[in-house]
Amino acid sequence: MLVLGVDPGTAITGYALVKGEREDISLIECGVLTTPAGMPLDRRLLMLYDGMKRIVVSFRPDVMAIEDVFFGRNVSTAIAVSQGRGVVLLAAAQEGIPVYSYKPAEIKMALSGYGGARKAQIQSMVQMLLGLDAPPRPDDAADAVAVAICHLQVARYRALTEAESSR
């Protein structure tokens, strides 16, 4: 299964393509899509959409896993992230790619076994699970890798429980 993991944003959107086969997982590619801060929002969203559409069409992932928006203290930031998330979802929907959404605590739980894990702990787990010399950079790309791995872990668990219940 090829998973496109996405850490959405308007200024920076992290993406990662992670392939999972049975117990083996491998990083195919990761990076970020960026938009200029001074550019009008509609143009930034178009740039983000175009970049995500290129990734989706080039790699043809089986699924997209995307992080839910966390509504903290800064509502303006949450709204901007939601708008970026929307164009990413549109790019996937137009290509018929199923989308799975995960809360930050679910991602942390899937990777570390603890929903309150710190960013450094998650990055260490990503590094270890993929056998990398260092965590992926920048942080937004590493977060996208974590989202993709989370989906692979959840999908494996679902497959095991379905197999068990069909016995």
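Residues numbered from 1 in each chain as written. Predicted model: local features only at pLDDT ≥ 70, side-chain atom pairs only at ≥ 80, totals over all residues. Heavy atoms only, no water.

A. Quick look at unusual backbone geometry. Each neighbour pair has its own omega, and for R137 with P138 the value is -5°, a cis peptide bond. Structurally, P138 is set in the loop between α4 (119-130) and α5 (139-165). Positive phi values are uncommon outside glycine, yet R60 reaches one of about 50°. For R60, a relative accessible area of 47% translates into the label partly exposed. (Helix = DSSP H or I, 4+ residues; strand = E, 2+ residues; numbered from the N terminus. Buried < 20%, exposed > 50% of the residue type's maximum accessible area, 1.4 Å probe, protein only.)

B. Fine view of the state of the cysteines. Counted under the stated rule, the structure contains zero disulfides. Summary of cysteine pairing: C30 is not part of a disulfide, and the nearest cysteine sulfur, belonging to C150, is at 17 Å. (Disulfide = S-S within 2.5 Å.)

C. Quick look at the packing of helix α1 (residues 41-59) against helix α2 (residues 75-94). The geometry of α1 relative to α2 is characterised by a closest axis approach of 9 Å and an angle of 35° between their N-to-C directions. When the axes of α1 and α2 are compared, the crossing they make is right-handed. Packed against α1, whose contacting residues are L41, L45, L48, Y49, M52, K53 and V56, the element α2 presents Q83, G84, V87, V88, L90, A91 and Q94 at the interface. Split by residue class, the contact of α1 with α2 holds 10 nonpolar, three polar and one charged. (Axes fitted to C-alpha atoms, helices over the stretch in contact; angles between N-to-C directions. Left-handed = near helix turned anticlockwise from the far one by under 90°. Contact = heavy atoms within 4.5 Å. Nonpolar A, V, L, I, M, F, W, Y, C, P; charged D, E, K, R; others polar.)

D. Focus on the environment of I55. Summarising the element assignment, I55 is placed in helix α1. A C-alpha to C-alpha distance of 8.9 Å links I55 and Y15, two positions 40 residues apart in sequence. Once residues within four sequence positions are removed from consideration, I55 is found in contact with L4, Y15, L17, L33 and R60.

E. View of the pattern of salt bridges. With the rule as written, the count across this model stands at seven salt bridges. The partner of K53 in a salt bridge is E95, and the shortest N-O contact between them spans 2.8 Å. One end of the pair, K53, is in helix α1; the other, E95, is in the loop between α2 and β5 (99-102), with 42 residues separating them in the sequence. Where K103 meets D68, a salt bridge forms, and the shortest distance between an N and an O atom there is 3.9 Å. Separated by 35 residues along the polypeptide, K103 in the loop between β5 and α3 (104-112) and D68 in the loop between β4 (63-67) and α2 bring together distant segments of the chain. Residue K103 is classed as partly exposed on the basis of its relative accessible area, which comes to 48%. What emerges from the salt-bridge pattern is a single network uniting K53, R60 and E95. (Salt bridge = Lys/Arg side-chain N within 4 Å of Asp/Glu carboxyl O.)

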